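Here is what each chain is made of, one letter per residue.
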Amino acid sequence: MKTVNDFNFKDKKVLVRVDFNVPQSADLKVTDNTRIQAVKPTIDKILQDGGSVILITHLGRPKGKVSDEFSLKNIVPEIEEVLQTDVEFCPDCMGEDATNMTGNLKPGKVLLLENLRFYSEEEQGSVDFAEKLSKYADAYVNDAFGTAHRAHASTAVIAQFFPTTKFFGLLMAQELKAIDKVLKSGEKPITAILGGSKVSTKITIIENMLPAIDHLIIGGGMAFTFVKALGGNIGKSLLEEDKLQLALEILEKAKAQNVKVHLPVDTIIADEFSNDADRKEVDIYDIPESWMGMDAGSKTRDLFHDVIINSRTILWNGPIGVFEMPNFSAGTIALGESIAEATELGAFSLVGGGDSVAFVKQFGYADKVSYVSTGGGAMLESLEGKELPGVKVINS
Ligand code: AMP
């Protein structure tokens, strides 16, 4: 894997594709700067070498139209704050201004070009657009893990114009190493914990991971389809009726590959989908008709704890209860505790994809696990075994 650490960027202009698609408040201030912080090491490395950095990114979905709402000028102060350096801003990523400002950029300086998605050519993967961008620089670095699963002009197509000077940024390298640690070189026993609402969105991940793992914990809403397939009464709990057969097939496949599957044994049920609903703890195979399972029960928490605490490598994707409602968050919190404890004991733990990342940040577990991925879709597609376009073009 060729990273920015393998090259000296002295006097080079470097196009760095970052993912500054950050959340903003109503007055367009950055509310979470994780994605900016995450690429600081890459930018610092290039600047310390004596190179200059041309940052390119998208923000939101402007769909090819220029708008104030999606302008990157709104996030310049936050970038300057995080990088602790002045950042010049070019109000167009194409045209004369961009050519002049990139042309005049001095070593040690950082320039941010306006939102790439103000041009529809970006998402279309236009070769012409990519070639124009490539003219600004001597080298190309992709550190946008969050968009690495998209074959866009700036994330994939552009690399062909830098046959010998294309590199992974340090964030990309870290993310890819974390995935490899689970799927390829993980210390055993390896446990994957999958939760969330639907079996259908996790099937490919399960199938791809089975050859690599020893234990599969299935929790959250998706567990009820398995429980029903095994003959349980699940009341009004989440169910994907058309996936019942598939659930049984997954259990068979796991058995054939010597993967031990752990399903919940009890659940906290509610009489309606609301934080204020009446609650009870019951056997998960025996949920009353008009009730629904909303969180992992106490026996389940203990069961999962035992598996996790004895694991050396852990991947977690998806909450095991409706954690957004305080009355149904305890199961997911207990799971976070178990993973934190295993990590403390020396296990490698990776949290990736959507809601579990939101959970670890919100509930203070981000520093208690080994690695929290910055890319939702990109992480999920990696776990599905797909080679991400943004990764492939740098490796080839
Ligand atoms: P996903 O996007 O598929 O990873 O699903 C995440 C969502 O699953 C979260 O919003 C949780 O509230 C939801 N979830 C977890 N457990 C349950 C459950 N038992 N019933 C309904 N939704 C659940």
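Before reading on, note that the structure itself is shown above.
So, a few notes on the structure that sits alongside this text. (Residues numbered from 1 in each chain as written. Predicted model: local features only at pLDDT ≥ 70, side-chain atom pairs only at ≥ 80, totals over all residues. Heavy atoms only, no water.)

**Considering the side chain of Ser71**
As a reminder of what qualifies: Runs of E in the DSSP output that reach at least two residues are strands. Runs of H or I that reach at least four are helices, and both are numbered from the N terminus. When accessible area is computed with a 1.4 Å probe and restricted to protein chains, residues below 20% of their type maximum are described as buried, those above 50% as exposed, and intermediate ones as partly exposed. A 3.5 Å cut-off defines polar contacts: any pair of N or O atoms within that distance qualifies, except that in protein one atom must be a possible hydrogen donor and the other a possible acceptor, and neighbouring residues in sequence count only when both atoms are side-chain atoms.
On the secondary structure map, Ser71 appears in the loop between strand 2 (52-56) and helix 3 (76-83). For Ser71, a relative accessible area of 3% puts it in the buried group. A distance of 2.7 Å separates a polar atom in the side chain of Ser71 from a polar atom in the side chain of Glu114.

**Observations concerning the pattern of salt bridges**
Keep this limit in mind: What counts as a salt bridge is simple: a side-chain nitrogen of Lys or Arg found within 4 Å of a carboxyl oxygen of Asp or Glu.
Going through the model one piece at a time under the given rule, you end up with 18 salt bridges. Close ionic contact of Lys29 with Asp27 constitutes a salt bridge, the shortest N to O distance being 3.5 Å. Per residue, the accessibility class of Lys29 equals that of Asp27, and both read exposed.

**Considering helix 6 (residues 127-134)**
This is how the line gets drawn: Comment: arc refers to directions from the helix axis out to C-beta atoms. For this analysis, residues touch if any pair of their heavy atoms sits within 4.5 Å.
Every buried residue of helix 6 is listed here: Phe129, Ala130, Leu133 and Ser134. Looking straight down helix 6, one finds its buried side chains confined to an arc of 140°; they lie on one side. The inward-facing, buried residues of helix 6 contact strand 1 (13-17) and helix 5 (120-124).

**With respect to the site of the ligand**
What counts here: Throughout, near means a residue has at least one heavy atom within 4 Å of the molecule or strand. The classification used treats Ala, Val, Leu, Ile, Met, Phe, Trp, Tyr, Cys and Pro as nonpolar, Asp, Glu, Lys and Arg as charged, and all other residues, Gly among them, as polar.
If you check the shell around the ligand, you find 15 residues, and the closest are Ser197, Gly221, Gly293, Glu324 and Asp355. In this structure, Ser197 approaches the ligand through a main-chain N or O atom, which is 3.0 Å from an oxygen atom. A per-class count over the shell around the ligand returns five nonpolar, six polar and four charged.

**Digging into the packing of helix 11 (residues 298-309) against helix 12 (residues 330-344)**
Selection criterion: Fitted lines through C-alpha atoms give the axes, limited to the stretch in contact for helices. The angle between two N-to-C directions lies from 0 to 180 degrees. What sets the label is the angle itself: under 35 degrees gives roughly parallel, over 145 gives roughly antiparallel, 65 to 115 gives roughly perpendicular, and the rest give oblique. Left-handed describes a crossing in which the near helix is turned anticlockwise from the far one by less than a right angle; the clockwise case is right-handed.
The geometry of helix 11 relative to helix 12 is characterised by a closest axis approach of 9 Å and an angle of 20° between their N-to-C directions. Accordingly, the angle class assigned to the pair helix 11 and helix 12 is roughly parallel. For the pair helix 11 and helix 12, the crossing hand works out as right-handed. Packed against helix 11, whose contacting residues are Arg301, Phe304, His305, Ile308 and Ile309, the element helix 12 presents Ala330, Gly331, Ala334, Leu335, Ser338, Ile339, Glu341 and Ala342 at the interface. Taken together, the residues of the contact of helix 11 with helix 12 sort by class into eight nonpolar, three polar and two charged.

**Observations regarding the sheet that holds strand 5 (residues 139-142)**
Strands pair in a sheet through their backbones, by hydrogen bonds, and they do so in one of two ways: parallel or antiparallel. Cut-off, in case you're wondering: Here the rule is simple: two strands pair whenever DSSP picks up at least two bridges between them.
Overall, parallel pairing links the six strands, which are arranged 3-4-2-1-5-6 in an open sheet. Only two strands of the sheet have a single neighbouring strand rather than two, namely strand 3 (87-90) and strand 6 (166-168). The average angle at which neighbouring strand axes cross in this sheet is 25°, direction not considered. Both strand 3 and strand 4 (residues 110-113) contribute to a ladder of four bridges, which runs parallel. Across the sheet, Glu88 pairs through a bridge with Leu111, a residue of strand 4. On the sheet, helix 2 (residues 40-49) packs against strand 1, strand 2, strand 4 and strand 5 and is oriented at approximately 150° with respect to strand 2.

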